[in-house]
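In case you want the letters, here they are:
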Amino acid sequence: MSDFVNGFWAWYVTVIVVASIAYCVWVLWSNGKVKFNPGNTTGHVWDGDLQEMNNPLPKWWVGLFWITIVFAIGYAFLYPTLGTSGGQLGWTSAGQHAKEGEKLKALIAPVYEKFKGMSVEELAKDPKAQLIGDRLYQNFCSQCHGADARGGKSFPNLTDSDWLGDGSAAHIKNTIANGRMGVMPPMAAAVGTSDDVRNVAEYVLSLSGSASDPVKAALGKEKFAACAACHGADGKGNPAVGAPNLTDNIWLHGFGADFIVKMINEGKTNVMPAQQSKLTEDQLHVLTGYVWGLSHPSK
Ligand code: HEC
Ligand code: HEC
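In this text, all values refer to a predicted model and were calculated from it rather than measured experimentally.

Peer 1: For this particular structure, what's the right way to read helix H9 (residues 194-207)?
Peer 2: Because an α-helix completes one turn every 3.6 residues, residues spaced three or four positions apart along the sequence face the same direction. In this model H9 runs 20 Å from its N-terminal to its C-terminal C-alpha over 14 residues, within 8% of the 20 Å that 1.5 Å per residue would give. Extensive coverage of H9 is indicated by the burial of ten of its 14 residues. Within the span of H9, buried status applies to Asp-196, Val-197, Asn-199, Val-200, Ala-201, Glu-202, Tyr-203, Val-204, Leu-205 and Leu-207. Against the buried residues of H9 lie helix H8 (188-191), helix H10 (214-223), helix H11 (225-231) and helix H12 (257-266). Backbone geometry just after H9 places Gly-209 at a positive phi near 75°.

Next up, the structure:
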């Protein structure tokens, strides 16, 4: 009961619990005063001769009912039930979850023992490590990067050789563990007028050999200086700040002059949440081998 956002709900639950138990006690107690009497009818008769009697309930049934009441009172004191008290046992669902998690980790540790000393390259070739890596991937990564790891709009493809970071095993491991946040600030003010923004967009298109307006692109080239700090003077990107290569034909967030204008005007913040708390160190290692292997097929 101590996890509610305010005190009201703890007392709301307490009142319902106490009132329900008190009501059950009263019903049992008041019915206990009824004595057995063959002539004790309620006066209701059905089907000619079927009479409704008012006799005491069987003792075994009443006994069971009292036991449930004693159980409820005991439970209310031992477990979080009454008010904001956590109960005498100090039990919490989060605590139990953590304890069971630890038990499970200990249980699976031997499975990973053999992978501990293996390099990422070796893991990528080991069929069993790949099988486990695939399960981990489907569990923790596929909802964003896709079941085939080819990503989607704003979610990077993990099977190609185009990376926001440097694509090394260390980059992959670090990203899985700590997540990452790609930030491009809105750049319109640094570029100039809306015509300047449009011209830079045409220039960016020309970098990858995409169809673009050559006059505007030529005008935009100079203004690209505002972008060079992150994307490099040649537009080939910079893994240290996570700025993608603009000269290839791989687009993470969209494509075309209008999309690039929007990127320049609004910027972009793209976040991958850290996964560390969900994985053991051993699982992280095997998963890194699996993801590295996706873009480094051994055949
Ligand atoms: C909630 C969605 C989400 C989940 C879950 C997720 N990712 Fe990501 N991941 C992203 C986004 C978004 C990015 C791009 C971040 C950026 O733009 O900097 C990313 C980036 C990455 C990168 C860096 C790609 C590059 O080009 O440098 C790797 C590697 C990666 N994820 C692997 C994984 C793995 C492995 C898992 C499972 C353990 C996972 N991700 C789970 C959303 C997610
Ligand atoms: C402060 C660093 C920084 C500057 C300056 C910057 N960018 Fe970016 N840009 C980024 C980052 C980081 C990303 C990737 C965001 C992400 O992780 O999704 C990005 C992404 C993009 C993309 C999307 C690429 C894709 O594949 O979808 C385009 C287009 C782009 N930038 C163009 C520009 C242009 C044009 C300029 C100059 C007007 C510029 N950027 C200036 C950091 C920067």
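Peer 1: Quick question: what am I supposed to make of the site of ligand 1 here?
Peer 2: Surrounding ligand 1, one finds 24 residues, the nearest of these being Cys-141, Cys-144, His-145, Arg-180 and Met-272. With respect to ligand 1, the backbone of Leu-164 contributes an N or O atom lying 2.7 Å from an oxygen atom. One of the backbone N or O atoms of Gly-165 is found 3.0 Å from an oxygen atom in ligand 1. Only helix H6 (142-145), helix H7 (169-178), strand S3 (180-184), strand S4 (268-272) and helix H13 (281-294) provide two or more residues apiece to the shell around ligand 1. A class-by-class count of the residues in the shell around ligand 1 yields 14 nonpolar, nine polar and one charged. Looking at which domains feed residues into the shell around ligand 1, each of domain 2 (103-179 + 273-294) and domain 3 (183-272) gives three or more.

Peer 1: Just to check I follow, could you spell out the domain arrangement of the protein chain for this structure?
Peer 2: Note on interface size: it is often stated as the accessible area lost on association of the parts. Partitioning the protein chain into domains gives domain 1 (7-78), domain 2 (103-179 + 273-294) and domain 3 (183-272). Once you take the C-alpha centre of each, domain 1 and domain 2 turn out to be 58 Å apart.

Peer 1: Please explain the coordination of the iron atom of ligand 2 as it appears in this structure.
Peer 2: Angles at a metal have ideal values that depend on geometry: 109.5 degrees with four tetrahedral donors, 90 or 180 degrees with six octahedral donors. Around the iron atom of ligand 2, the protein contributes the donor atoms Met-184 (SD) and His-231 (NE2), at 2.0 to 2.1 Å from the metal centre. Classification of the site at the iron atom of ligand 2 rests on its six donor atoms, whose angles at the metal span 88 to 179°, yielding the label octahedral. Of this pair, Met-184 sits in strand S3 while His-231 sits in helix H11, and the two are 47 residues apart along the sequence. With a relative accessible area of 22%, Met-184 lands in the partly exposed category.

Peer 1: Is there a simple way to explain the coordination of the iron atom of ligand 1 in this structure?
Peer 2: For the iron atom of ligand 1, the protein coordination sphere consists of His-145 (NE2) and Met-272 (SD), at 2.0 Å. Taken together, the six donor atoms surrounding the iron atom of ligand 1 define angles of 88 to 180° at the centre, an arrangement classified as octahedral. Taken together, the positions of His-145 in helix H6 and Met-272 in strand S4 put the pair 127 residues apart, joining distant regions of the chain.

Analysis parameters
- Residue numbering note: each chain is counted from 1, following its sequence as written.
- In the order they appear in the text, chains get letters beginning with A and ligands get numbers beginning with 1.
- Local features are withheld for residues below a pLDDT of 70 in this predicted model, meaning they are given only at 70 or higher, and side-chain atom pairs are given and counted only at 80 or more; totals for whole chains, interfaces and linings count all residues.
- Water and hydrogen atoms were dropped before computing side-chain values, which therefore reflect all heavy atoms in the structure.
- Strands are runs of DSSP state E lasting at least two residues, helices are runs of H or I lasting at least four, and both sets are numbered from the N terminus onward.
- Every helix has an expected span of 1.5 Å times one less than the residues it contains.
- The buried label goes to any residue with under 20% of its type's maximum accessible area, the exposed label to any with over 50%, and the partly exposed label to all in between, with areas taken from a 1.4 Å probe on protein chains only.
- Contacts are assigned to residue pairs with any non-hydrogen atoms lying within 4.5 Å of each other.
- Nearness is defined per residue: one heavy atom within 4 Å of the molecule or strand is enough.
- Throughout this description, a polar contact denotes any pair of N or O atoms lying within 3.5 Å of each other; where both atoms belong to protein, one of them has to be capable of donating a hydrogen while the other can accept it, and for residues adjacent in sequence the pair is counted only when both atoms sit in side chains.
- In this classification, Asp, Glu, Lys and Arg are treated as charged, Ala, Val, Leu, Ile, Met, Phe, Trp, Tyr, Cys and Pro as nonpolar, and every other residue, Gly included, as polar.
- As used throughout, domain bounds are those supplied by an automatic or database domain assignment.
- Each metal's donors comprise the N, O and S atoms found within 2.8 Å of it (within 3.2 Å for Na, K or Ca). Water is not part of the atom list, so some coordination spheres may appear incomplete.
- For four-coordinate sites, all angles between 85 and 135 degrees define a tetrahedron; for four- and six-coordinate sites, opposite donors beyond 155 degrees with the remaining angles between 65 and 115 define square planar and octahedral shapes respectively, and all other cases count as irregular.

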